[in-house]
Amino acid sequence: GVFTKEDESLLASVATQAAVAIENSQLFLGMVEKNIELMDAQEQLQRKIRELDVLFEIAHVAATAVEQDELLHGVLARAMRAVEAEAASILLADEVTGDLHFRAAVGGEPEAIKHLKIGINQGICGWVARHGKPQIVNNVDEDPRHSHHISEQVGYFPRSVLAVPLRWDDGIGALELLNKREGMASFTDEDLRFATLIAGHISTAIAQAHHRERRAKQERLSTVGQFLSGVLHDIKTPMTIISGTVELMAEEEDHDKRVELKERIKKQLERLAAMTGETLAFARGDRADCPGAARGPAR
């Protein structure tokens, strides 16, 4: 047949509707893409906020923790939460042997972990600590560096490992994070970036703690040196009393008098022992007050 004007009009109307539908579809797709971008941006923003919260908490722990172990456990708990890890540990190398000791750990058998040490050449953490390079291993069974016997000792068998090195002036170690989302997810480069940032804070906090310890020891030794001269001066008094009493004993024939003089010598010897003990305790850090602070006069 022959197309009529009515057919042309109908076809034009359909074409117009189709064009409108296509335009609306494109607009809808554009809105969907925008919403996806907004959702991605919102998720990234929320992740950044979580990261900032964790870093703030870590900074607070580093500033308020009294002992190094308290610091490490506090930081470790927050690092786990930041990357959704199931377990984690912080290993520090011994200054003499170089062996890695578990100074803080969550997961496995706490008592077994506390006394465990591994060689600097053992395991993924040993490799990371020795080479100073972070590692993501999302299938430990395929990595020849993984030490299965260590898993057996601590009673924990990870599927995935994220390990980053710790470095400060006179030491090395590693931060180890295990099994993201209970092993159901893989660690990502974003996790690695943030774990590396946390490791930097840990390394700085450890370096500061060691600096405080060294400064405290130096100040204590300086104080010991200052008071040692005073202690040596104080020793002269009981020594003089002992010397004089011994001479009296040599000339004394009365038994009761000799017993009395003996007790006087004994008391001065006890006083000398106490003075020596106080000074040694102060030097070791077992007491905070200065030697001689509570010592009474010689009798």
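Going along each chain's sequence as written, the residues are numbered from 1 onward. Thresholds applied to this predicted model are a pLDDT of at least 70 for local features of residues and 80 or more for the giving and counting of side-chain atom pairs; totals over whole chains, interfaces and linings are not thresholded and use all residues. Neither water nor hydrogens contribute to the side-chain values; these are computed over all heavy atoms in the structure.

Points about the packing of helix α2 (residues 68–83) against helix α6 (residues 189–251)
Note the cut-off: A fitted line through C-alpha atoms serves as each axis, taken over the contacting stretch for helices, and the angle formed by two N-to-C directions is quoted from 0 to 180°. Strands here mean DSSP runs of E at least two residues long; helices mean DSSP runs of H or I at least four residues long; both are numbered from the N terminus. Angle categories are assigned with fixed cut-offs, so that under 35 degrees is roughly parallel, over 145 is roughly antiparallel, 65 to 115 is roughly perpendicular, and the rest are oblique. Only heavy atoms enter the contact rule, under which two residues are in contact if any of them lie within 4.5 Å. Ten residue types, Ala, Val, Leu, Ile, Met, Phe, Trp, Tyr, Cys and Pro, are classed as nonpolar, four, Asp, Glu, Lys and Arg, as charged, and the remainder, Gly among them, as polar.
For the pair α2 and α6, interaxial distance at closest approach is 11 Å and the crossing angle is 170°. Our classification of the angle between α2 and α6 gives roughly antiparallel. Of the residues in α6, those touching α2 at Gln-68, Leu-71, Leu-72, Val-75, Ala-79, Ala-82 and Val-83 are Asp-191, Phe-194, Ile-198, Ile-202, Ala-205, Ile-206, Ala-209 and His-210. Here the contact of α2 with α6 is built from residues that sort into 12 nonpolar, two polar and one charged.

Some remarks on the nonpolar core
Keep this limit in mind: Throughout this description, the term nonpolar core refers to a set of buried Ala, Val, Leu, Ile, Met, Phe, Trp, Tyr and Cys residues connected via side-chain atoms within 4.5 Å. Think of it in three bands: with a 1.4 Å probe and only protein chains considered, a residue is buried below 20% of the maximum accessible area for its type, exposed above 50%, and partly exposed in between.
Of all hydrophobic cores here, the largest spans 29 residues; its most connected members are Ile-90, Leu-166, Leu-175, Leu-177, Ile-198 and Ile-202. Taken together, the elements giving at least two residues each to this core come down to α1 (5–64), α2, β1 (85–93), β5 (161–168), β6 (171–180) and α6. The element best represented in this core is α6, accounting for eight residues. Among all residues touching Leu-177, those that are not within four sequence positions of it are Ala-79, Met-80, Val-83, Ala-85, Ala-87, Ala-88, Ser-160, Val-161, Leu-162, Phe-187 and Ala-195. In terms of nonpolar packing, the next biggest core, distinct from the first, is built from 22 residues, Phe-102, Trp-127, Ile-150 and Val-161 among them.

Re empty space enclosed by the protein
Spelled out, the test is: Cavity means a closed set of points on a 1 Å grid over the protein atoms alone, one where a 1.4 Å probe fits but cannot get out, pocket means an open set with protein on both sides within 12 Å along at least 5 of 7 lines, and lining means a residue has an atom within 4 Å of a point. Grid points are joined across faces, edges and corners, and a volume is the space filled by probe spheres set on the points.
On inspection of all chains with the given rule, the structure shows one cavity of 30 Å³ or more. In this structure, the largest cavity encloses a volume near 300 Å³. Of all elements in the fold, only β1, β2 (100–106), α4 (123–131), α5 (148–154) and β6 reach the threshold of two or more residues within the lining of the largest cavity. The element that contributes the greatest number of residues to the lining of the largest cavity is β1, accounting for four residues. For the lining of the largest cavity, the class distribution of residues is 16 nonpolar, seven polar and one charged.

Considerations on the pairing of β5
Rules: By definition, two strands form a pair when at least two bridges between them are found by DSSP.
Where burial is concerned, most of β5 is hidden: seven out of the eight residues are buried. In the sheet, strand β4 (residues 135–137) pairs with β5 via three bridges, with the strands oriented antiparallel. Paired with Ile-136 across the strands is Leu-162, a residue of β5. In the sheet, β5 pairs with β6 via eight bridges, with the strands oriented antiparallel. Each bridged residue has a counterpart across the sheet, and for Ala-163 the counterpart in β6 is Glu-176. Between β5 and β6, which pair antiparallel in sequence order, lie two residues.

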